[in-house]
Amino acid sequence: MLNEILKNKQIILASGSPRRQEFFKDLHIPFIADVRPVNEVYPEHLKGTEITDYLAKLKAEAFDDLRKDQILITSDTIVSNDGVAMGKPKDVAEAKKMIASLSGKTHSVETSVCFTTLKNQEKVQEIVHSSTKVTFKEFTEEEIDFYVSNYKPFDKAGAYAIQEWIGFIGITHIEGSYFNVVGLPTHLVYETLTKLASI
């Protein structure tokens, strides 16, 4: 499938996330991982997918050496709770506070994926994004302590991963793409790469 139609393209995945890399392997998309440092700061007036669109594009700016046979993929995910973007927790206390704030409520998980190619020596970008609503049950303090202590979710937006214990016991409703919450709207990545492969 994609590995065949992309045989004349090189995919660069600018992500160190094991989950995103595993998605590409499972989709049978050959890629090289190349992560470059970026100061992930965005204007305060941005909300929701405006933030993830901005950061996904920002991450692409670190690549000024693209070849015309390459497709660069950068992405960003945030958790939005009551309209406030939640990043990754700095420590145990902040992780527990984040999960407690999500307890018994519905929040949104937004992911943007930016595809950058080189055409006539100019960068061309296409951005897709996905938003998923996730509802959690009321967590007890003991459940929150157990999850943070055992899973240490300090590299995860909103301090949780849906595919871990907290998701098993806590999700009462989900509206939208499950895989978006894991870290990548895989259906949109597949559709966009299929289109770009023919250009």
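All values derive from a computational prediction rather than experimental measurement.

Conventions adopted
Residues numbered from 1 in each chain as written. Predicted model: local features only at pLDDT ≥ 70, side-chain atom pairs only at ≥ 80, totals over all residues. Heavy atoms only, no water. Helix = DSSP H or I, 4+ residues; strand = E, 2+ residues; numbered from the N terminus. Pairing = 2+ DSSP bridges. Polar contact = N/O pair within 3.5 Å; in protein donor to acceptor, adjacent residues only side chain to side chain. Contact = heavy atoms within 4.5 Å. Buried < 20%, exposed > 50% of the residue type's maximum accessible area, 1.4 Å probe, protein only. Patch = residues over 30% accessible without salt bridge, like charges linked within 9 Å, V, L, I, M, F, W, Y side chains within 5 Å. Areas by Shrake-Rupley, 256 points an atom, 1.4 Å probe, with all protein chains shown as cover. Salt bridge = Lys/Arg side-chain N within 4 Å of Asp/Glu carboxyl O.

1. Considering unusual backbone geometry
Right, on to step 1. Notably, His 28 is not glycine yet its phi reads approximately 60°, a positive angle.
Right, on to step 2. Mapping His 28 onto the fold places it in the loop between helix H2 (18–26) and strand E2 (32–33).

2. Overview of the pairing of strand E6 (residues 122–136)
Right, on to step 1. The pairing of strand E5 (residues 106–119) with E6 spans 14 bridges and is antiparallel. When the bridges of E6 are listed, Ser 112 appears paired with His 129.
Right, on to step 2. Where E6 lies against strand E7 (residues 171–175), four bridges are found, and the strand directions are antiparallel. Residue pairing in the sheet places Val 134 in a bridge with Ile 174 of E7.

3. Structural notes on the side chain of Gln 21
Right, on to step 1. With respect to the helices, strands and loops of the structure, Gln 21 is situated in helix H2.
Right, on to step 2. Reaching out from Gln 21, the side chain makes a polar contact with the backbone oxygen of Ser 15 at a distance of 2.9 Å.
Right, on to step 3. When neighbours within four sequence positions are excluded, Gln 21 is seen to be in contact with Leu 13, Ser 15, Gly 16, Phe 31 and Ala 33.

4. Looking at the environment of Leu 58
Right, on to step 1. Along the chain, Leu 58 turns up in helix H3 (residues 49–60).
Right, on to step 2. A relative accessible area of 16% places Leu 58 in the buried class.
Right, on to step 3. With residues near it in sequence (within four places) discarded, Leu 58 still touches Val 38, Asn 39, Glu 40 and Val 41.

5. With respect to the environment of Thr 135
Right, on to step 1. Within the secondary structure layout, Thr 135 lies in strand E6.
Right, on to step 2. Owing to a relative accessible area of 16%, Thr 135 belongs among the buried residues under this scheme.
Right, on to step 3. Each C-alpha atom of the pair Thr 135 and Pro 153 lies 19 Å from the other, and the pair is 18 residues apart in sequence.
Right, on to step 4. Excluding residues within four positions of it along the chain, Thr 135 makes contact with Lys 105, Thr 106, Gly 170, Ile 171, Thr 172 and His 173.
Right, on to step 5. A distance of 2.6 Å separates polar atoms of two side chains, one belonging to Thr 135 and the other to Thr 106.

6. Considerations on a nonpolar patch on the surface
Right, on to step 1. Side chains of Ile 174, Tyr 178 and Phe 179 sit close together on the surface and give an oily, nonpolar patch of about 250 Å² of accessible area.
Right, on to step 2. Mapping Phe 179 onto the fold places it in helix H7 (residues 178–182).

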